[in-house]
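The chain contents come next:
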Amino acid sequence: MTNLKRVCRVGLTFILLTLVKNSFSQTISPGVFGQNAWMPDTIGNVNNCTDPPCIFNGKLYQQWGNIKRSGATMIRYGGTAVDKNIPTNYQYVRMIDSIRANGMEPIIQVPFYNHRYTAQQAAAIVQYINITKGKNIKYWVIGNEPNLGYSYTTASQVAAYIKPFASAMKAIDPTIKIIGPELAWFDQNIINGLTTPNGADDITGADQNGRYYIDVFSLHTYPFNGSQTRTQVISKLTAPGSFQDNLVYLNGRIATCNTAHNRSGLNAIKTAVDEMNIDWQNSTSDDLYGLGANSFIGGQFVAELMGLGMKNSVSYMNVWSVVEGGGANTNIGYIDPQTGNKKPSYYHFQMVADNMKGTYANGTSNVANVKAYGSYNSQQIAVLIMNEDQGNNYNYTVRLNTAAATGNNPLKININANVAAEYNGTIQNQSSIVLVFNAAGQIVKKYEYSLSTNAVANIGPTVTDYTTTGGVSHNSQAHGVFEMNIYPNPSFGKLTIALNRGDSQEKNFRVQIFNLIGQEVLDKKSDFNNNDREEIELSPAMANGVYILRIKEGERDHYITKKFILARP
């Protein structure tokens, strides 16, 4: 998907024909922490653009530091725009070099666009990038969304181009791995034809030279179109015939193909979700409190997608996308293109990517609006808890195995990490928490990210480090430590900020105030040279209510926030 016009998808109901038992103890592939490189400044020959536009004026190049800090491991360079207009050699190499310079691995798409481009052109791209330039790209995608962009309805239409493209590309470099067919949604009819071993349209076997056509079977998922309800968002992914069941079904088909073609170990076919988000377009009013890609629950939805991918042994997952669109309806990247703000989807992605390691640990919750899952290895156990309820805070007990959690807390969560230990805490409504334990089940770190405290102030999760005596809390973006207090609280129109710089000599601070829908109502600089105090006269235009005060220290990504109440008589 790109910010180019996307036609409305027809809602599909899928019937689950085959059930495959999941052990829920899957090794987490580092490839599930992927992103899509959208949107760049140009794609294709801008002086002779085949299918305008070729100039997008994107600012992707400004975001590589943020992408790296989000924990992304794989970056896919693909989508409709890359399919319609063949990128220049320079554009390919510049993208590859940018990705690798930031410690990530590229997934590179060659164009097909319904026979506009040929297998010979795809082979020439592999020749230039891997042989001439020596870039050794391992993962290659063929085309994009045949059941949407090309209006294909049968497996034979897809196999007719996948097979010659794969053969031509592997004739140049037999070591590469081919990803396809990049279905726009779970299209069972096409999937069945492509995964019937030795059938006419089977793309899971080998060509006459013994080279496998595809190595990774891929699809995309955008469950909603902007008209979704909150109830639908909360229940969608695990509803019968939806994402969870679709992955189970696909895994069953792929397992049969691997057996039939004697594909095992490094040659076994894997699965990928190469584009995913809560929707492919938002409602025009979508914001932090909405239900789309700009919203807090939209970030939780992305984290749930990632968890279900881990649970079902998906090898590669790539969120769409980094930064996209101008209006609320097309703005589905995890960084806002106008403000540069990192959305809840960014911070949820980051919390998952930074902490989920080793083996997936299935999670269960006794409250429908609370989701949980985790991971474990020899060093740590990580648990993600997402409270999607709009009003209820919960006292919770997390137990790190499948035995019944003890105590009277109303929210009980089990994480199958095989450790007989429990942890008790409280989670706010519309909040997400990551708990990190050592291998013995002792808490070492907690990340807390809420709509009302963090998201409205555009700051990352608050982190408490329990390895320090008493526990020290700070924002996850912090590089240093300072403290502040505000008074009086409630305020009657004036507010004093008292700063404790610690051992910092920093003299430049930024003071911001946000209302509870994230609108900035004050932004000023201060050096706090009046005995580390700053008195602020609050604007008469500010209505009585709850506000968030944020202080940033110099040029560092170091923020501290506090809530205060404005209560003019």
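Structure: see above.
Residues numbered from 1 in each chain as written. Predicted model: local features only at pLDDT ≥ 70, side-chain atom pairs only at ≥ 80, totals over all residues. Heavy atoms only, no water.

## Some thoughts on the sheet that holds strand β26 (residues 559–566)
One open sheet accounts for four strands, arranged β23-β22-β25-β26; its pairing is antiparallel. Edge positions in the open sheet fall to β23 (520–526) and β26, since each of these has one partner strand only. Averaged over all pairs of adjacent strands, the angle between their axes in this sheet comes to 20°, without regard to strand direction. Pairing of strand β22 (residues 509–515) with strand β25 (residues 545–553) involves seven bridges; the strand directions are antiparallel. Bridging from a neighbouring strand, Ile513 pairs with Leu549 of β25. (Pairing = 2+ DSSP bridges. Helix = DSSP H or I, 4+ residues; strand = E, 2+ residues; numbered from the N terminus. Axes fitted to C-alpha atoms, helices over the stretch in contact; angles between N-to-C directions.)

## With respect to unusual backbone geometry
The phi torsion of most residues other than glycine is negative, and most of the peptide bonds are trans. For the peptide bond that leads from Gly180 to Pro181, omega is 10°, which places it in the cis range. Here Pro181 shows up in strand β5 (residues 177–183). For the peptide bond that leads from Asn489 to Pro490, omega is 15°, which places it in the cis range. Among the structural elements, Pro490 can be located in the loop between β20 (483–487) and β21 (494–500). Notably, Glu145 is not glycine yet its phi reads approximately 50°, a positive angle. Structurally, Glu145 can be placed in the loop between β4 (139–142) and α5 (146–149).

## So, the nonpolar core
Residues Phe33, Trp140, Met169, Phe217 and Met310 are the most contacted members of the largest nonpolar core, which totals 118 residues. Other than its neighbours up to four places away in sequence, Met310 contacts Gln26, Ile28, Val32, Phe33, Val352, Met356, Tyr360 and Tyr373. In this structure, Ala361, Ile385, Val398 and Leu411 belong to the second largest nonpolar core, which totals 23 residues. (Core = buried A, V, L, I, M, F, W, Y, C linked by side-chain atoms within 4.5 Å. Buried < 20%, exposed > 50% of the residue type's maximum accessible area, 1.4 Å probe, protein only. Contact = heavy atoms within 4.5 Å.)

## Focus: the layout of surface pockets
Its boundaries defined by the atoms lining it, the largest pocket holds a volume of some 760 Å³. Lining the largest pocket we find 35 residues, and of these Asp336, Thr339, Asn341, Asn458 and Gly518 sit closest to its centre. For the lining of the largest pocket, the secondary-structure elements that each account for two or more residues are α11 (344–355), α12 (451–455), β22 and β25. The element best represented in the lining of the largest pocket is β22, accounting for three residues. A class-by-class count of the residues in the lining of the largest pocket yields eleven nonpolar, 14 polar and ten charged. (1 Å grid on protein atoms, 1.4 Å probe; cavity = no way out; pocket = protein on both sides within 12 Å on 5 of 7 lines; lining within 4 Å. Points joined across faces, edges and corners; volume = space filled by probe spheres on them. Nonpolar A, V, L, I, M, F, W, Y, C, P; charged D, E, K, R; others polar.)

## Focus: the pairing of strand β8 (residues 316–319)
The alternating pattern of β8 places Tyr316 and Asn318 and Met317 and Val319 on opposite faces, both of which are buried. Sheet topology note: the strand β1 (residues 34–36)/β8 ladder contains two bridges and is parallel. Bridge assignment links Gln35 to a residue of β8, and that residue is Val319.

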